[in-house]
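# Understanding the architecture of this molecule
Residue-level listing of the chains:
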Amino acid sequence: TKVKATFYISSDVVDRLEEGWTRLRGISPKEKRGEISKSLIVEAGLLEVLADLEDKGNTSLLAKKVKG
């Protein structure tokens, strides 16, 4: 089940998401392009960093970002 969630992110990240979406659509087979969404990219990224946090805790990429 998908739910709508709203978060604030920097305009730079929004621009990079747009560029990544465009690039991913460009390198994907024509029949798969319609399946590629910004939501898919955000969800995949979150799943990766959260799994890393679960596995590595304080040494995870996300924990290091928070610590500075």
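Our structure's up above, just so we're on the same page.
Just so we're clear, the structure is a prediction, and the values are computed from it rather than from any experiment. (Residues numbered from 1 in each chain as written. Predicted model: local features only at pLDDT ≥ 70, side-chain atom pairs only at ≥ 80, totals over all residues. Heavy atoms only, no water.)

## Comments concerning the overall build of the chain
Counting its regular elements, the chain contains three helices and zero strands. The helix and strand sequence of the chain, counted from the amino end, reads α-α-α. For the chain, the C-alpha radius of gyration of 14 Å lies well beyond 11 Å, the compact-globule estimate for 68 residues. Total accessible area computed for the chain in this model is approximately 6200 Å², and 57% of it derives from carbon and sulfur atoms. Within the chain, the 11 negative side-chain charges are centred at a point lying 2 Å from the centre of the 13 positive side-chain charges. (Helix = DSSP H or I, 4+ residues; strand = E, 2+ residues; numbered from the N terminus. Rg over C-alpha atoms; globule rule 2.2 N^0.38 Å. Areas by Shrake-Rupley, 256 points an atom, 1.4 Å probe, with all protein chains shown as cover. Lys, Arg positive; Asp, Glu negative; His and termini not counted. Charge placed at Lys NZ, Arg CZ, Asp CG, Glu CD.)

## Examining helix H2 (residues 38-56)
Look at H2: 27 Å from first C-alpha to last across 19 residues, which is about the 27 Å you get at 1.5 Å a residue. Just downstream of H2 lies Gly57, where phi reads positive at about 55 degrees. (Expected span 1.5 Å × (residues − 1).)

## Section: a nonpolar patch on the surface
Judged by side-chain polarity, Val42, Leu46, Leu50, Leu53 and Leu62 come together as a nonpolar surface patch covering roughly 370 Å² of accessible area. When residues of the nonpolar patch are assigned to their parent elements, the largest contribution, four residues, is made by H2. (Patch = residues over 30% accessible without salt bridge, like charges linked within 9 Å, V, L, I, M, F, W, Y side chains within 5 Å. Salt bridge = Lys/Arg side-chain N within 4 Å of Asp/Glu carboxyl O.)

## Quick word on the pattern of salt bridges
This structure, assessed with the given rule, holds four salt bridges. The salt bridge involving Lys56 is made with Asp52; its shortest N-O contact spans 3.3 Å. Placement of the pair is Lys56 and Asp52 together in helix H2, with a separation of four residues, close to one helical turn. According to the relative accessible area criterion, Asp52 is buried, its value standing at 16%. (Buried < 20%, exposed > 50% of the residue type's maximum accessible area, 1.4 Å probe, protein only.)

## A short note on the packing of aromatic side chains
Inspection of every chain in the model, using the stated rule, returns zero aromatic pairs. Lying over the aromatic face of Trp21, Lys38 brings its terminal NZ or CZ to 4.9 Å of the ring centre. (Phe/Tyr/Trp six-rings, centres within 6.5 Å; stacked < 30°, edge-to-face > 60°. Lys NZ or Arg CZ within 6 Å of the ring centre and 35° of its normal.)

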